[in-house]
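Residue-level listing of the chains:
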Amino acid sequence: MTEIPHPVPASGFARATPDESGRGAARPGFGAGDLGLFAGTVLVWSTTWLALKLQLGTVDPQVSIVWRFAIAAPLMFLVCKLAGARIVFPLRTHLRFAALGLFFYSTNFLLFYNAGHYVVSGLLAVIFSLASLTNIGLAALFLGEPLRPRVALGALIGLGGITLMFWHELDGSMGTGPLIGLGLGIFGCLSFSFGNVLAAKAQRDGIPVLSANAWGLTYGVILNIIVALAAGSTFTIEPTARYIFSLLWLAIPGSVLVFWMYLALLGRVGADRAGYTAVVTPVLALLVSTFVEDYRWSVLAVAGLALVAAGNFLVLTRRKG
């Protein structure tokens, strides 16, 4: 495996050229930088599931999302300034940023937060893993990326493994409530993947990932404020260490750092392989639950972990020649 042979601009990410984006040319395997971005994304996202759980309580979910991104957006603009990334863009580009904010930083989060009222967190993680498949489909449909059987097979095997790991929760998901949660989660995956398409297209058009991230977060705040006002939510903060710490974790590593890493990864390796973070993340989240929430492993869970490892191998490696 070798690094992608092109320079990294001042904004801190490598742009995908037409050949590297998957249009007719085989992309190289993961280099050290790509693996670092992949691992960092998975490590941070796997801990945000626990932080999200700590956020649920007296504050409405849409308000917690507002606080999260209101903290993250100014920090991201500071990162842009320090990195020398462009901040001023024409109105047409701002319309694209607003669309990114809608799908990536608003609808996606609102759907999953509210799905948490109907289904258990393990099932939410399983549903979110569907993004590895919706990424592949939407990238092929809107970006012209070829459907790679090896990558698709790896994602399917990984999803099968996660299904086994959470089988005891899936087995009890009957009735209206879980079905509502499942529907909200599926639409959340689609929103997440539409955001991937918009972000990938922006990178192809030369928009720095840091800039897109900063403006996307900003428009996400605005959209979530509108939703909160429409729902009649009260803008309060729970004055507890648990709520404040989890909020800061979600806002800084869980928003500023992880979305930069993920979108940079997306531009380097494509939406299909970047989306596999959604398959691996629940596995590490389950390991966190083993120590923090006393998750008890079963034979099915161990078998599921083996399948996820096999799927991971298929996605992250490419056939010679």
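See the structure above.
Residues numbered from 1 in each chain as written. Predicted model: local features only at pLDDT ≥ 70, side-chain atom pairs only at ≥ 80, totals over all residues. Heavy atoms only, no water.

**With respect to helix α2 (residues 61-83)**
In an α-helix, one turn spans 3.6 residues; hence positions three or four apart end up facing the same way.
Here comes step 1: Counted at 1.5 Å a residue, the expected span for α2 with its 23 residues is 33 Å, and the 32 Å between its end C-alpha atoms agrees.
Here comes step 2: Inspection of α2 places P61, Q62, V63, S64, I65, V66, R68, F69, A72, A73, M76 and C80 among the buried residues, and these make up the whole buried set.
Here comes step 3: Residues of α2 that are buried sit in contact with α1 (32-55), α3 (91-115), α9 (209-230) and α10 (241-269).
Here comes step 4: Looking one or two residues past α2, G84 carries a phi angle of roughly 75 degrees, positive in sign. (Helix = DSSP H or I, 4+ residues; strand = E, 2+ residues; numbered from the N terminus. Expected span 1.5 Å × (residues − 1). Buried < 20%, exposed > 50% of the residue type's maximum accessible area, 1.4 Å probe, protein only. Contact = heavy atoms within 4.5 Å.)

**A closer look at a nonpolar patch on the surface**
Here comes step 1: Taken together, the side chains of L75, L78, L82, I237, I244, L248 and I252 make up a nonpolar region of the molecular surface, amounting to roughly 600 Å² of accessible area.
Here comes step 2: Elements with a minimum of two residues in the nonpolar patch: α2 and α10.
Here comes step 3: Structurally, I252 can be placed in helix α10.
Here comes step 4: Exposure remark for I252: the relative accessible area of 37% places this residue in the partly exposed category. (Patch = residues over 30% accessible without salt bridge, like charges linked within 9 Å, V, L, I, M, F, W, Y side chains within 5 Å. Areas by Shrake-Rupley, 256 points an atom, 1.4 Å probe, with all protein chains shown as cover. Salt bridge = Lys/Arg side-chain N within 4 Å of Asp/Glu carboxyl O.)

**Looking at helix α6 (residues 149-165)**
Here comes step 1: The terminal C-alpha atoms of α6, which comprises 17 residues, lie 24 Å apart, in line with the 24 Å expected from a rise of 1.5 Å per residue.
Here comes step 2: All of the buried residues in α6 are V151, G154, A155, G158, L159, G161, I162 and M165. What you see down the axis of α6 is that its buried residues fit within an arc of 160 degrees, all on one side. Set apart from the buried face of α6 by more than 90 degrees, the exposed residues are P149 and L156. (Arc of directions from axis to C-beta.)

**Details of the packing of α6 against helix α12 (residues 277-292)**
Here comes step 1: Two elements in contact, α6 and α12, have axes whose closest approach is 9 Å; the angle formed by their N-to-C orientations is 30 degrees. Judged by the inter-axis angle, α6 sits roughly parallel to α12. For the pair α6 and α12, the crossing hand works out as left-handed. Listed contacts from α12 to G158, L159, I162 and M165 of α6 are V279, P282, V283 and L286.
Here comes step 2: Residue composition of the contact of α6 with α12, grouped by class: seven nonpolar, one polar and no charged. (Axes fitted to C-alpha atoms, helices over the stretch in contact; angles between N-to-C directions. Parallel < 35°, antiparallel > 145°, perpendicular 65-115°, else oblique. Left-handed = near helix turned anticlockwise from the far one by under 90°. Nonpolar A, V, L, I, M, F, W, Y, C, P; charged D, E, K, R; others polar.)

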